Amino acid sequence: MKFNRLASAILLTGLTLGATASQADGLRFFPGMESGFKFEPSVALTAGVMNVTTANDNASFVYGIDINMNCGLIQTPDNRIRTHVQINRVDDSGVKATSVELSPRYTVPLGGGFSVGAGPVLGVVMADNGNADKNLFGYGAVVGANYRKGMYYSGLDVRYLNTKERDNVDFENWALIAKVGINF
């Protein structure tokens, strides 16, 4: 029951911030093709805990990589949309999974290098529950806090990912992921 409330809160926050972003004046489409557009990429190693709802609600160690940049497909005038691509891996208690996730996030700068952001998540999960393995489509929401100062980058994400069951393989999960890396 706690899981459903957390997932609902994350989704509501993401939708609220997404609605705010959609009301912004001057949205630009394909700004990555404009001369002078700066992607400002960051690359980080990630580690955290993942709770898979179909695996007896035990938290598992998750690790991976996060690559994020100013979104080159749609952008606000002040470059507040950042696209995150995460590859996460979990291997615990007979459950193995690798997920590839895409998450465009509307970010709000807080000053001093800090920002918060939220948005949807789309992904593919290659899951193996010990009996069968399947590729599963996933969708959800994420809320994150980031710190950027010079070349230093760090952050913390809370993410919910729902997957559609295929042949008795399901991988609905939430994750709390810390990240540390560099800005380019």
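Residues numbered from 1 in each chain as written. Predicted model: local features only at pLDDT ≥ 70, side-chain atom pairs only at ≥ 80, totals over all residues. Heavy atoms only, no water.

## What to know about the nonpolar core
Taken as a class, soluble globular proteins show a tendency for nonpolar side chains to be buried jointly. Rules: As used in this record, nonpolar core signifies buried Ala, Val, Leu, Ile, Met, Phe, Trp, Tyr and Cys residues forming a set joined through side-chain atoms within 4.5 Å. Relative accessible area decides the class of each residue, using a 1.4 Å probe on protein chains only: under 20% of the type maximum gives buried, over 50% gives exposed, and in between gives partly exposed. Each helix corresponds to a stretch of at least 4 residues labelled H or I by DSSP, and each strand to a stretch of at least 2 residues labelled E; elements are numbered beginning at the N terminus. Should any heavy atoms of two residues lie within 4.5 Å, those residues are counted as being in contact.
In terms of nonpolar packing, the biggest core is built from 16 residues, with Met50, Val90, Ala97, Val125, Ala127, Leu136 and Phe171 touching the most fellow members. Looking at this core, the elements that each hand over two or more residues are strand 2 (42-52), strand 6 (95-111), strand 7 (114-128), strand 8 (133-149) and strand 10 (173-183). Here this core gets three residues from one element, more than from any other, and that element is strand 7. Those residues within four positions of Ala97 in sequence are excluded, and the remaining contacts are Asn88, Arg89, Val90, Val125, Met126, Ala127 and Phe171.

## A closer look at the side chain of Thr83
Here Thr83 is to be found in strand 5 (residues 81-92). By relative accessible area, which is 12% here, Thr83 ends up buried. The contacts of Thr83, once residues within four sequence positions are left out, are Ile67, Asn68, Met69, Cys71, Leu102, Ser103 and Pro104.

## Some points on the packing of aromatic side chains
To describe a pair of aromatic rings, one takes the distance between the centres and the angle between the planes. So the rule is basically this: When two rings of Phe, Tyr or Trp (its six-membered ring) have centres within 6.5 Å they constitute a pair, described as stacked for plane angles under 30 degrees, edge-to-face for angles over 60, and tilted for the intermediate range.
All chains considered together, the criterion is met by five aromatic pairs. The interplanar angle of 25 degrees and the centroid separation of 5.9 Å between the aromatic rings of Phe61 and Tyr63 together place this pair among those described as stacked. Judged by its relative accessible area of 40%, Tyr63 is partly exposed. Ring geometry for Phe114 against Tyr147: centres 4.6 Å apart, planes inclined by 45 degrees, an arrangement best described as tilted. With Phe114 in strand 7 and Tyr147 in strand 8, this residue pair connects regions lying 33 residues apart in the sequence.

## What to know about the environment of Arg148
Note the following rule: In protein, a polar contact requires one atom able to donate a hydrogen and another able to accept it; more generally it is a pair of N or O atoms within 3.5 Å, and residues adjacent in sequence count only if both atoms are side-chain atoms.
Within the fold, Arg148 resides in strand 8. Here the alpha-carbon distance between Arg148 and Ser42, two residues 106 residues apart in the chain, equals 9.2 Å. Among all residues touching Arg148, those that are not within four sequence positions of it are Ser42, Asn68, Arg82, Gly113, Ser115, Tyr153 and Asn183. In terms of polar contacts, Arg148 uses its side chain to reach the side chain of Asn68, at 2.7 Å.

## Some details on the pairing of strand 3 (residues 59-70)
The two faces of a sheet get side chains in turn, since along a regular strand they alternate between them. So the rule is basically this: Here, any two strands with at least 2 DSSP bridges between them count as paired.
Pairing of strand 2 with strand 3 involves ten bridges; the strand directions are antiparallel. The residue of strand 3 that forms the bridge with Asn51 is Ala59.

## Thoughts on the sheet that holds strand 2
Rules: For helices, the fitted axis covers only the stretch in contact; all axes are lines through C-alpha atoms, and the angles between them, taken along N-to-C directions, range from 0 to 180 degrees.
Read around the barrel, eight strands follow the order 2-3-5-6-7-8-9-10 and close on themselves; strand pairing throughout is antiparallel. Averaged over neighbouring strand pairs, the angle between their axes works out to 25 degrees when direction is ignored. In this structure, strand 6 lies alongside strand 7, joined through twelve bridges in antiparallel fashion. By the bridge assignment, Thr98 is partnered in strand 7 with Met126.

## Digging into the pairing of strand 8
Pairing of strand 7 with strand 8, which is carried by 15 bridges, proceeds in the antiparallel orientation. Pairing of Asp128 across the sheet is with Asp133, part of strand 8. Hairpin connection from strand 7 to strand 8: four residues lie between these consecutive antiparallel strands, with Gly130 at a positive phi of about 95 degrees. Both strand 8 and strand 9 (residues 152-163) contribute to a ladder of twelve bridges, which runs antiparallel. Bridge assignment links Arg148 to a residue of strand 9, and that residue is Tyr153. Connecting the antiparallel pair strand 8 and strand 9 is a turn made up of two residues, with Gly150 showing a positive phi of about 60 degrees.

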